[in-house]
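# Inside the fold
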Amino acid sequence: MADPQDIVDIHGLRKPSAAPTNDAGAAKKFLMIWFKCCHTYGRLYRNKEQTKYEGRCPRCGAHVSAKIGEGGTNKRMFEAG
């Protein structure tokens with residue numbers, strides 16, 4: 001299934017989709033990741049337990065995760081090797 005971020009809206013053919021949301025209807029929090037393996041950007045979204053961000057490279061499917069904890073960072077953009 002295509003990632004909603006990869007869908008291009010062509011005027012008149014479909015309504016633009018909203019950003020992914022959580023159960024409460026708020027936009028999902030994410031981290032932007034530069035996947036060095038395939039030279040592409042992607043997103044990591046919070047897991048259901050809210051303990052880490054998880055995702056996969058959009059090209060090769062490599063799994064990446066980042067823990068959520070105290071003393072973290074406010075950075076929103078990272079690189080994955």
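The text that follows walks through the structure, step by step, so that each part is easy to find.

Each value, and the rule that gives it
- Residues numbered from 1 in each chain as written.
- Predicted model: local features only at pLDDT ≥ 70, side-chain atom pairs only at ≥ 80, totals over all residues.
- Heavy atoms only, no water.
- Salt bridge = Lys/Arg side-chain N within 4 Å of Asp/Glu carboxyl O.
- Helix = DSSP H or I, 4+ residues; strand = E, 2+ residues; numbered from the N terminus.
- Buried < 20%, exposed > 50% of the residue type's maximum accessible area, 1.4 Å probe, protein only.
- Contact = heavy atoms within 4.5 Å.

Under the definition given, this model contains 2 salt bridges. A salt bridge links K36 to E79; the nearest nitrogen and oxygen atoms lie 3.8 Å apart. Taken as a pair, K36 in the loop between β1 (30-35) and β2 (40-46) and E79 in strand β5 (residues 77-80) lie far apart in primary sequence, 43 residues in all. Residue E79 is classed as exposed on the basis of its relative accessible area, which comes to 58%.

As a further point, take the environment of Y41. Summarising the element assignment, Y41 is placed in strand β2. On the basis of relative accessible area, Y41 is assigned to the partly exposed category, the value being 44%. Between the C-alpha atoms of Y41 and C57, which are 16 residues apart in sequence, the distance is 8.0 Å. In contact with Y41, not counting residues within four places along its chain, are M32, I33, W34, F35, P58 and M77.

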